[in-house]
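If you want the building blocks of each chain, they are given just below.
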Amino acid sequence: EPEVTQTPSHQVTQMGQEVILRCVPISNHLYFYWYRQILGQKVEFLVSFYNNEISEKSEIFDDQFSVERPDGSNFTLKIRSTKLEDSAMYFCASSEGQGANYGYTFGSGTRLTVV
Amino acid sequence: AQTVTQSQPEMSVQEAETVTLSCTYDTSESDYYLFWYKQPPSRQMILVIRQEAYKQQNATENRFSVNFQKAAKSFSLKISDSQLGDAAMYFCAYRNSGYALNFGKGTSLLVTP
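Everything numeric in this text was worked out from a predicted model, so none of it was measured.

What counts, and at which threshold
- Residues numbered from 1 in each chain as written.
- Chains lettered and ligands numbered in written order.
- Predicted model: local features only at pLDDT ≥ 70, side-chain atom pairs only at ≥ 80, totals over all residues.
- Heavy atoms only, no water.
- Helix = DSSP H or I, 4+ residues; strand = E, 2+ residues; numbered from the N terminus.
- Rg over C-alpha atoms; globule rule 2.2 N^0.38 Å.
- Buried < 20%, exposed > 50% of the residue type's maximum accessible area, 1.4 Å probe, protein only.
- Contact = heavy atoms within 4.5 Å.
- Areas by Shrake-Rupley, 256 points an atom, 1.4 Å probe, with all protein chains shown as cover.
- Lys, Arg positive; Asp, Glu negative; His and termini not counted.
- Charge placed at Lys NZ, Arg CZ, Asp CG, Glu CD.
- Pairing = 2+ DSSP bridges.
- Axes fitted to C-alpha atoms, helices over the stretch in contact; angles between N-to-C directions.
- Core = buried A, V, L, I, M, F, W, Y, C linked by side-chain atoms within 4.5 Å.

Engineer: Residues and numbers for the overall build of chain A, please.
Structural biologist: Within chain A one finds zero helices and 11 strands. Counted from the first residue to the last, chain A has its helices and strands arranged as β-β-β-β-β-β-β-β-β-β-β. Taken against the 2.2 N^0.38 rule, which gives 13 Å for 115 residues, the C-alpha radius of gyration of chain A at 13 Å falls within 12% of a compact globule. Structurally, chain A occupies a C-alpha span of about 40 × 25 × 25 Å along its principal axes. Counting over 115 residues, chain A shows a buried share of 45%. For chain A, the proportion of contacts with a sequence separation of at least 24, taken over those separated by at least 6, is 55%.

Engineer: Give a description of the overall build of chain B that names residues and reports values.
Structural biologist: When helices and strands are tallied, chain B shows zero helices and 12 strands. In terms of C-alpha radius of gyration, chain B reaches 13 Å, essentially the compact-globule figure of 13 Å for 113 residues. Expressed along its principal axes, the backbone C-alpha trace of chain B runs to roughly 40 × 25 × 20 Å. By residue count, 50% of the 113 residues in chain B fall in the buried class. Relative to all contacts within chain B whose residues are 6 or more apart in sequence, the contacts with residues 24 or more apart total 54%. Split by element, the accessible area of chain B, about 5500 Å² in all, is 45% carbon and sulfur. The average position of the 10 basic charges and that of the 10 acidic charges among the side chains of chain B differ by 5 Å.

Engineer: Would you mind going over the sheet that holds strand β1 (residues 5-7) of chain A in detail, with residue names and values included?
Structural biologist: Residue and element names in this part refer to chain A. Spatial strand order, β1-β3-β8-β7: four strands in an open sheet with antiparallel pairing. Both outer strands of the open sheet, β1 and β7 (65-68), are each paired with one neighbouring strand and no more. Strand-to-strand twist in this sheet, taken as the mean axis angle between neighbours without regard to direction, amounts to 20°.

Engineer: How would you sum up the nonpolar core? Please name residues and give values.
Structural biologist: Residue and element names in this part refer to chain B. Core analysis: the largest hydrophobic core is formed by 25 residues, its most contacted members being Y25, W36, F75, L77, Y90 and L109. Elements with a contribution of two residues or more to this core: β3 (19-21), β5 (33-39), β6 (46-52), β8 (64-69), β9 (74-79), β10 (88-95) and β12 (107-112). The greatest single-element share of this core, amounting to four residues, is contributed by β10. Aside from chain neighbours lying at most four places away, what touches Y90 is Q6, L21, W36, Y37, K38, V48, F64, L77, I79, G106, T107 and L109.

The structure is reproduced here in structure tokens:
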């Protein structure tokens, strides 16, 4: 069964450093998403991406965050200057279409620890 | 803004028994989708079941079924014949015509032998 792959599984970074989280969505999917889950809290939407541009973003997704699809397979989330409160599990997801009937496939997540 | 509420932080069920996880949501939309996701200790989010709001018939997937009450804005998940592998966090989620899934805070399900 096709999978969404995220690397690394765990990333430790110092406060103020830039970090890039990587995702390989399912190959025939066209819509890509990032979510985060702070420990013990609910999963929160960050951003959706389609046709090489952001289609929707939440208020969490401020100027410190950016997304990119640098080639035909990868989808990245960059945090420019990490803060302690950025420590969370970050999930990438993809879907074949935009409608909710398509559903999402989530990756296994990257645990980001900012120290 | 749409909100999703899961009022049970933790639930426990014995193996082979049935358990129901509750979820309510708030929306002014008429067309939307509701989901239950499972998050085992591996942390991956796995889709359990999906319900379209315009469908009156409750969705079922093997041992998993929902009780969708649109007027009451309630969307509970029933797990029949519970198995040890069902132990996980369960998240209820809502989506309308936009891109974002709105999640509840989750219910931790413990399955005892």
